[in-house]
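Chains, contacts and geometry: an overview
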Amino acid sequence: MDFLTFILLMEELDPGLFLPVMIASGVGRHMYNLGNEGQRKNFLPSLLSVDKIGCTSITEPNVGSQHSAIQTRAVLDGDHYVINGSKMWISNAAFADITMVLARTDAQSGRNVLNFFIVDKKDSPFDAKATPILGDDPRIPHVGELVFEDCRIPKENLIGLPGKGLMETMAIFQKARCLLAMNSVVYAQRALDAAIRYAKERTQFGKRIGHSSSFKP
Ligand SMILES: Cc1cc2nc3c(=O)[nH]c(=O)nc-3n(C[C@H](O)[C@H](O)[C@H](O)COP(=O)(O)OP(=O)(O)OC[C@H]3O[C@@H](n4cnc5c(N)ncnc54)[C@H](O)[C@@H]3O)c2cc1C
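Structure report, in brief.

**Remarks on the overall build of the protein chain**
Across its full length, the protein chain carries four helices and ten strands. For the protein chain, the sequential pattern of α-helices and β-strands runs α-α-α-β-β-β-β-β-β-β-β-α-β-β. Here the C-alpha radius of gyration of the protein chain, 22 Å, is well above what a compact globule of 217 residues would show, namely 17 Å. For the protein chain, the spread of C-alpha atoms along the principal axes amounts to about 80 × 35 × 30 Å. Within the span of the protein chain, comprising 217 residues, buried residues form 36% of the whole. In the protein chain, the share of contacts with a sequence separation of at least 24, taken over all contacts with a separation of at least 6, comes to 69%. Per element, the accessible surface of the protein chain, about 12,500 Å² overall, is 57% carbon and sulfur. Where the 24 positive side-chain charges of the protein chain centre and where its 23 negative ones centre are 9 Å apart.

What follows is the structure, encoded as structure tokens:
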């Protein structure tokens, strides 16, 4: 579906479901948008059937808003890329079987050549652990850390347009920001609805507070 339809669908969901659905569907959506036919066939079915859990790995311990400063590196070695680096605050990190990782492919620093790579933990193991900062509320995303140490992936797992990883990241965050803004609108609407409902129920000085002369909901 197009993004506007997706936003409208999310708006109708229970707010408690919104974040899990947004996060679970995110990596599948990015893979669909950026992937070639082979990558879609290879990775999407297991993500969509939830046999496998995915995550999108952009943020690093030293890199948040400034995506151009990504430090994780991917170096071509024959038919493989070798990835080294670590990622932080990644939703689903500890459960993820498959991740889309943003890494720098320029050999010399100073140039910004970034690309996304698909890493399947089964074939290319990496370390992952949860960062227990947000309690056990299932509505709140579980974030964590990923560490790639000489993680070898087939070179066909480069996803998206070569060298366009920074632009692709901006597009991913632009959509995420729209979704989060929409989520805030949904919560604001719920709060307004609850306040109006309460103002119609609550009685003070012999009348409903919502029916006083100074308050007309
Ligand atoms: C619950 C949760 C889930 C997350 N899930 C993922 C995920 O799945 N994958 C992933 O890759 N990342 C994820 N993140 C990380 C998230 O994308 C980053 O937190 C975000 O990019 C901001 O980076 P930062 O936290 O390092 O903030 P910083 O970059 O340190 O920014 C801190 C503050 O400074 C402001 N700021 C930054 N630069 C400027 C500037 N030039 N001018 C003015 N103000 C500025 C920012 O707006 C912000 O308010 C998640 C974070 C959270 C909290």
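**Things to note about the site of the ligand**
If you check the shell around the ligand, you find Thr-56, Ser-57, Ile-58, Thr-59, Gly-64, Ser-65, Trp-89, Ile-90, Ser-91, Pro-141, Val-143 and Phe-173 and nothing else. With respect to the ligand, the side chain of Ser-65 contributes an N or O atom lying 2.6 Å from an oxygen atom. Compared with its free state, where it exposes 970 Å², the ligand has 39% of that area covered by protein. Contributions of two or more residues to the shell around the ligand are made by strand S1 (54-57) and strand S3 (80-91). Counting residues per element, the shell around the ligand draws most heavily on S3, which supplies three residues. Class assignment of the residues belonging to the shell around the ligand gives a composition of six nonpolar, six polar and no charged.

**Remarks on the nonpolar core**
In terms of nonpolar packing, the biggest core is built from 17 residues, with Ile-83, Phe-117, Val-119, Leu-146, Phe-148 and Ile-153 touching the most fellow members. Elements that contribute at least two residues to this core include exactly S3, strand S4 (98-104), strand S5 (114-120) and strand S7 (143-154). With four residues, the top contributor of residues to this core is S7. Residues within four places of Phe-117 in sequence aside, it is in contact with Ala-74, Tyr-81, Ile-83, Thr-99, Met-100, Val-101, Ala-103, Thr-105, Ile-153, Asn-157, Leu-158 and Ile-159. Membership of the second largest hydrophobic core comes to 16 residues, among which are Met-31, Leu-102, Phe-116 and Ile-159.

**Digging into helix H4 (residues 165-201)**
The terminal C-alpha atoms of H4, which comprises 37 residues, lie 54 Å apart, in line with the 54 Å expected from a rise of 1.5 Å per residue. Taken together, the buried positions of H4 are occupied by Gly-165, Glu-168, Thr-169, Ile-172, Leu-179, Met-182, Asn-183, Val-186 and Ala-199. Among the structural elements, helix H1 (3-12), helix H2 (15-34), S4, S5, strand S8 (158-159) and strand S10 (207-208) are those in contact with the buried residues of H4.

Each value, and the rule that gives it
Residues numbered from 1 in each chain as written. Predicted model: local features only at pLDDT ≥ 70, side-chain atom pairs only at ≥ 80, totals over all residues. Heavy atoms only, no water. Helix = DSSP H or I, 4+ residues; strand = E, 2+ residues; numbered from the N terminus. Rg over C-alpha atoms; globule rule 2.2 N^0.38 Å. Buried < 20%, exposed > 50% of the residue type's maximum accessible area, 1.4 Å probe, protein only. Contact = heavy atoms within 4.5 Å. Areas by Shrake-Rupley, 256 points an atom, 1.4 Å probe, with all protein chains shown as cover. Lys, Arg positive; Asp, Glu negative; His and termini not counted. Charge placed at Lys NZ, Arg CZ, Asp CG, Glu CD. Near = heavy atom within 4 Å. Polar contact = N/O pair within 3.5 Å; in protein donor to acceptor, adjacent residues only side chain to side chain. Nonpolar A, V, L, I, M, F, W, Y, C, P; charged D, E, K, R; others polar. Core = buried A, V, L, I, M, F, W, Y, C linked by side-chain atoms within 4.5 Å. Expected span 1.5 Å × (residues − 1).

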